[in-house]
Amino acid sequence: MSENRSHAVIVRGLEVRVPSAAKPFAGPLPVVRGLDLTVPTGQVTVMVGANGAGKTTTLRAVTGAHPFSAGSIEVLGTALGPARVRPPQGVASLPGISAHPRRWTSRHIARMRKDAVPGFDVTWFEELLTAFGIPREQEVNRLSQGQATQLGLASALAQDPRLLILDEPFAHLDPLARTELVDVLRCFMAGEDRTLLIATHDLEGMERFADQLVMVSRGVDVVSGDVESLRDEFLLCAIDSEVTTELEASLVGPTTTGAGTSALVAVDDAVGLPTTATLRRPDVSEIVTHLLRAARDDAAAERRTAR
Ligand SMILES: Nc1ncnc2c1ncn2[C@@H]1O[C@H](COP(=O)(O)OP(=O)(O)OP(=O)(O)O)[C@@H](O)[C@H]1O
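Just so it is clear, the model here is predicted, and its values are computed rather than measured. (Residues numbered from 1 in each chain as written. Predicted model: local features only at pLDDT ≥ 70, side-chain atom pairs only at ≥ 80, totals over all residues. Heavy atoms only, no water.)

Let's shift gears to the pattern of salt bridges. Taken as a whole and assessed by the stated rule, the structure comprises 14 salt bridges. A salt bridge links R142 to E139; its shortest N-O distance comes to 3.5 Å. Using a relative accessible area of 57% as the deciding quantity, one classes R142 as exposed. Salt-bridge contacts for R280 lead to E286; the nearest nitrogen and oxygen are separated by 2.6 Å. (Salt bridge = Lys/Arg side-chain N within 4 Å of Asp/Glu carboxyl O. Buried < 20%, exposed > 50% of the residue type's maximum accessible area, 1.4 Å probe, protein only.)

A few words now on helix α3 (residues 106-116). Residues of α3 that are buried: S106, I109, A110 and R113. For α3, the angular spread of buried residues about the axis comes to 100°, placing them on one side. When the buried face of α3 is taken as reference, the exposed residues oriented beyond 90 degrees from it are R111 and D115. Next to the buried residues of α3 lie α4 (122-132) and α5 (145-157). (Helix = DSSP H or I, 4+ residues; strand = E, 2+ residues; numbered from the N terminus. Arc of directions from axis to C-beta. Contact = heavy atoms within 4.5 Å.)

Splitting the protein chain by domain gives domain 1 (40-67 + 82-225) and domain 2 (228-306). Placing a centre on the C-alpha atoms of domain 1 and another on those of domain 2 gives a separation of 33 Å. Taken together, the contact between domain 1 and domain 2 spans 11 residues of the former and 11 residues of the latter. Surface buried jointly by domain 1 and domain 2 totals about 1000 Å² across both partners, of which 74% is contributed by carbon and sulfur atoms. Ranking the residues of domain 1 by area buried against domain 2 places E207, M215 and R218 at the top, with a combined share of 44%. Counting every contact that joins domain 1 to domain 2 gives 1 salt bridge. When the shortest N-O distance is used, the salt bridge between E302 and R218 registers 3.4 Å. Summed over the shared surface of domain 1 and domain 2, the result is 1 residue pair in polar contact (both at pLDDT 80 or more). (Domains from an automatic or database assignment. Buried area = accessible area lost by both parts, 1.4 Å probe. Polar contact = N/O pair within 3.5 Å; in protein donor to acceptor, adjacent residues only side chain to side chain.)

Bringing the packing of α4 against α5 into the picture now. Two numbers describe how α4 lies on α5: the axes approach to 9 Å, and their chain directions differ by 150°. Looking at the two axes, α4 sits roughly antiparallel to α5. As α4 packs across α5, the resulting crossing turns out to be right-handed. For the pair α4 and α5, the contacting residues are W124, F125, L128, L129 and F132 in the first and Q150, L151, L153, A154, S155 and L157 in the second. Residue classes in the contact of α4 with α5 are distributed as 9 nonpolar, 2 polar and no charged. (Axes fitted to C-alpha atoms, helices over the stretch in contact; angles between N-to-C directions. Parallel < 35°, antiparallel > 145°, perpendicular 65-115°, else oblique. Left-handed = near helix turned anticlockwise from the far one by under 90°. Nonpolar A, V, L, I, M, F, W, Y, C, P; charged D, E, K, R; others polar.)

A separate point is the site of the ligand. If you check the shell around the ligand, you find V18, P19, V31, A50, N51, G52, A53, G54, K55, T56, T57 and H201 and nothing else. Between the ligand and the protein, one listed contact pairs an oxygen atom with a side-chain N or O atom of T57 at 2.5 Å. Protein burial of the ligand: of its 630 Å² of free accessible surface, 59% is covered by the chains. In terms of residues, the shell around the ligand owes the most to one element, helix α2 (residues 55-62), which gives 3 residues. Of the residues contributing to the shell around the ligand, the split by class is 5 nonpolar, 6 polar and 1 charged. (Near = heavy atom within 4 Å. Areas by Shrake-Rupley, 256 points an atom, 1.4 Å probe, with all protein chains shown as cover.)

The next point concerns the packing of aromatic side chains. Overall, the coordinates contain 1 aromatic pair when judged by the stated rule. For the ring pair F120 and F125, a centre distance of 5.5 Å and an interplane angle of 55° mean the geometry is tilted. No difference in accessibility class separates F120 from F125, as the two residues are buried. The ring of F170 has R178 sitting right over it, with the charged end atom 4.5 Å from the ring centre. (Phe/Tyr/Trp six-rings, centres within 6.5 Å; stacked < 30°, edge-to-face > 60°. Lys NZ or Arg CZ within 6 Å of the ring centre and 35° of its normal.)

In this sheet, strand β4 (residues 70-75) lies alongside strand β1 (residues 7-18) in antiparallel orientation, the contact comprising 5 bridges. Counted as the bridge partner of E15 is A70 from β4. As paired elements, β4 and strand β5 (residues 78-80) share 3 bridges and run antiparallel to each other. From the neighbouring strand, E74 faces β5, where its bridge partner is A79. (Pairing = 2+ DSSP bridges.)

Our focus in this paragraph is the packing of α3 against α4. Between α3 and α4, whose axes approach to 10 Å, the crossing angle comes to 155°. Accordingly, the angle class assigned to the pair α3 and α4 is roughly antiparallel. As for the relative orientation of α3 and α4, their crossing is right-handed in sense. Residues S106, I109, A110 and K114 of α3 touch α4, and the partners they reach there are V122, F125 and L129. Class assignment of the residues belonging to the contact of α3 with α4 gives a composition of 5 nonpolar, 1 polar and 1 charged.

See below:
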């Protein structure tokens, strides 16, 4: 299998610039700065990162909704030009490329999608709306934020895409709707040749669902790999004794509370821990939380050094 067939998305050295809010007359500033991303075909890739890390901007570039200034993007074997473009056929995303007129109802959207998107399955769209409990005649501008998200998801899923790109699909969903969406996405992935790229802060229920993890910090990918390998690479340790500077150097993203210090530690470094330390295998959410803390602490240390 060529790399293009084995990867639904290949991003190399991506740079995306946005206008500076602080200096509106200055040129656009890069907020994605040399990012690499590969999304294996047939797998679920989860993109994580702190607020403002550049996840949405990256996904907008990958869906052709935002121009990029350097690097390359290939989606389903098609190279995207640096200008704003339509994504190749077979790609659906949330939020979609075009916003719907605010007075439209789901019936208008079904009609428009059916005409515009080859393979749009109106029956599946209607079934998803029923499952999500979206009122058919409600105007889009009168839907709650969670319902608007569900409408967008139904519209994306009914396109029967090979590649589904979702930015924060769980935001605004109640716990039941969230759980049901994970089930819908599991069904989607059970289909042949399906790939999911999802940016989320919410990793609950992602065990045994997420295959690949990409962590973005300040516009670059700082960690990427398959979830099970990352879980094998680290242990979660709890230390209830004093953490010396030497010991701290081997801890990843440590946090100290009254109950002691908790951190990730590379499996090879675990031998250097105090004998009273307890160790166990971390889950995805724990890995991400500690890696995010490590990235934030590194950024703060860099800023201090630069002063
Ligand atoms: N249109 C814009 N104009 C100016 N700045 C922007 C614009 N879009 C994004 N940015 C800036 O780019 C940076 C990255 O934003 P982005 O939305 O990609 O982050 P994110 O990782 O998706 O964050 P979050 O998790 O909070 O959604 C932020 O500093 C943001 O303020």
